[in-house]
Each structure stands twice: as structure tokens, then as C-alpha cells.
Amino acid sequence: MVDLVDGIISFIYLYNDILLIVMASLHDAKLLGGIGSILMLFVPVVGQILVLLGIKNISDITNDRSVFDNALYALIFGIIGSIAMFAVFYALLPLIFTFALPIIIALIVGFIFYLLSAIYLRKSFDRIAELLNIGYFRTAGLLYYIGAILTIILVGFIIVFVAEIFMIIAFFSIPEQPPSPPSPPPPPT
């Protein structure tokens, strides 16, 4: 399992290093992240990859690697959670004579990984909100986190949908140039 995670991380870093030569503007991050956010509603895998590339671009422009790393961990936890959920279900199905118990256990495993994914995505979005001064990212991250927690009672899926809408708005709100850091206060006289 650790080798799988290391392999995924190595592949994504290599792929993004190749793309770094081509992309290096917030405009590209806006387009990749915005289009990816929209696609996440219809084609989640493609949308997540585009959002990750948009976040990688933001990370490179702002020179803050934690933005991309946290988003990457969120994606990896999501992938591992999906694989683990189906693996647990199919591993337990022949061992347990009732059909409900493997489903419940698999959903619990999926829930744990989904929650971990939401925690890291929120960290990434909170940092982007600080760096680019766009509060929509903070709102999207918070709603995604709350939605992940509440998926256990199914109302969370509605909240995650609203978080997706805020994610679309956040990416399309990215300015062409990063905001300049605030100037230091004048010295006392």
C-alpha cells in the first residue's frame, strides 16, 4: 500500500514538473481549476485532475508548496478510499453470509478516507484563500469538510454539492496577478 502511494506521488510530481514548463500564470490556474470544478460535477476523475493542476499552478506562482501538497494528499486519500472501500466489500462478501454487513463496513472505511481527504482539501483551500485573498476558497473548503462529516447521514451530499458550486466561483474569481503583500506600517516618529 505504501509503494502504491509513493508511486502515485512520484507520477504526479513528474507529470506536474513537465507541465510547469508550459503553464505559469494565474489565468491558467483559473481556467484549469474552474473548468475542472465544473467537470467534477459530471466527470469527477477528469475534474479532479484539472483542479489539481490548477492548484499546482497556484502553488508554483505563490511559491507555497503546502498548497499543492495538501491538495495532492486529498486526492490520494480519495483514490485510496475508493479502492479500499471496494476491496473491503469484496473481501468480506464471501466470508459473511449477510449482504448488509460488508456494505456497512465498506462504507465506514470509505467514510474515514473521505473525511481525511476533506481535511487536506480544506487545508489547501484555506491557504489559497490567504495567499490570493479569495474567501470563496475558505468557504468551499469549510463546506466540503462539513459535507464530508455529514455524509454519514446523507445530508452531507447536498452540502458537498454546494461546496462544489463555491469551488467553481472561487476558481473563476482568481485575479490575473497575485495580490501584492501588504506594505509594512510606517516607522513611529
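As the structure is a prediction and not an experimental result, all values here were calculated from the model. Along every chain, residues carry numbers that run from 1 in the direction the sequence is written. Owing to the predicted nature of the model, reporting of local features is limited to residues with pLDDT of at least 70; listing and counting of side-chain atom pairs is limited to 80 or more, with chain, interface and lining totals taken over all residues. Computation of side-chain values: all heavy atoms of the structure, hydrogens and water removed.

Participant: I'd like a rundown of helix H2 (residues 26-39), residues and numbers included.
Facilitator: Along its 14 residues, H2 runs 19 Å from first to last C-alpha, staying within 8% of the 20 Å computed at 1.5 Å per residue. Here a residue-residue contact requires only that any non-hydrogen atoms of the pair lie within 4.5 Å. In this description a helix means any DSSP run of H or I spanning at least four residues, a strand means any run of E spanning at least two, and both kinds are numbered starting from the N terminus. Tucked inside the fold, the buried residues of H2 contact helix H3 (44-62), helix H5 (100-132) and helix H7 (156-172). A helix is expected to span 1.5 Å for every residue after the first.

Participant: Any details on the environment of Ile152? Residues and values, ideally.
Facilitator: Relative to the elements of secondary structure, Ile152 occurs in the loop between helix H6 (135-150) and H7. When the C-alpha positions of Ile152 and Phe111 are compared, they lie 7.4 Å apart, and in sequence the two are 41 residues distant.

Participant: Can you tell me about the packing of H6 against H7, naming the residues and giving the values?
Facilitator: H7 packs onto H6 with a crossing angle of 165° between their chain directions and a minimal axis gap of 8 Å. In this view, H6 runs roughly antiparallel relative to H7, as classed from their interaxial angle. Once H6 is placed against H7, the crossing between them reads as left-handed. Each of Tyr136, Phe137, Thr139, Ala140, Leu143, Tyr144, Ile146, Gly147, Ala148 and Leu150 in H6 lies in contact with H7, whose residues at this interface are Gly156, Ile159, Val160, Val162, Ala163, Glu164, Phe166, Met167, Ile169, Ala170 and Phe171. Within the contact of H6 with H7, the residues separate by chemical class into 17 nonpolar, 3 polar and 1 charged. Orientation is described by lines fitted to C-alpha atoms, with helices fitted over the stretch in contact, and by angles between N-to-C directions that extend from 0 to 180 degrees. By definition in this entry, angles of less than 35 degrees are roughly parallel, angles greater than 145 are roughly antiparallel, angles of 65 to 115 are roughly perpendicular, and the rest are oblique. Less than a right angle of anticlockwise turn of the near helix away from the far helix marks a crossing as left-handed, whereas a clockwise turn marks it as right-handed. Throughout this entry, Asp, Glu, Lys and Arg are counted as charged residues, while Ala, Val, Leu, Ile, Met, Phe, Trp, Tyr, Cys and Pro are counted as nonpolar. The remaining residues, Gly among them, count as polar.

Participant: Give me the packing of aromatic side chains: which residues, what numbers.
Facilitator: Note on aromatic pairs: each is described by the distance of the centres and the angle between the planes. Aromatic rings from Phe, Tyr and Trp, with only the six-membered ring used for Trp, were paired whenever their centres fell within 6.5 Å, and each pair was classed as stacked if the ring planes differed by under 30 degrees, edge-to-face if by over 60, and tilted otherwise. Under the counting rule described, the total for this entry stands at 9 aromatic pairs. Seen in terms of ring centroids, Phe77 and Phe113 are 6.3 Å apart; in terms of plane orientation they differ by 40°. Their pairing is tilted. Here the residue Phe77 occupies a position in helix H4 (residues 65-92), and Phe113 occupies one in helix H5, the gap between them amounting to 36 residues. Between buried and exposed lies partly exposed: a residue is buried under 20% and exposed over 50% of the maximum accessible area for its type, with that area taken using a 1.4 Å probe on protein chains only. Overall, Phe77 belongs to the partly exposed group, its relative accessible area being 23%. Cluster of aromatic residues (ring-pair linked, three or more members): Tyr73, Phe77, Phe113 and Tyr120. The cationic tip of Lys56 hangs over the ring face of Phe68; the distance from NZ or CZ to the ring centre is 5.2 Å. Definition used: whenever NZ (Lys) or CZ (Arg) falls within 6 Å of the ring centre and also within 35 degrees of the ring normal, the charge is taken to sit over that ring.

Participant: Before we move on, can you summarise the pattern of salt bridges with the specific residues and values?
Facilitator: Just to be clear on terms, a salt bridge is a Lys or Arg side-chain nitrogen sitting within 4 Å of an Asp or Glu carboxyl oxygen. Applying the stated criterion across every chain, the model contains 6 salt bridges. When the shortest N-O distance is used, the salt bridge between Glu176 and Lys30 registers 3.7 Å. Remark: Lys30 occurs in helix H2 and Glu176 occurs in the segment after H7; sequence separation between them is 146 residues. Taking the relative accessible area as the measure of exposure, Glu176 reaches 43% and is therefore partly exposed. On the accessibility criterion, Lys30 (17% relative accessible area) is buried. Linking Asp69 and Arg65 is a salt bridge whose minimum nitrogen-to-oxygen distance equals 3.7 Å. Residue Asp69 and its partner Arg65 are both found in helix H4; the two are separated by 4 residues, about one turn of the helix. On the basis of relative accessible area, Arg65 is assigned to the partly exposed category, the value being 48%.

Geometric values such as these leave the question of function open.
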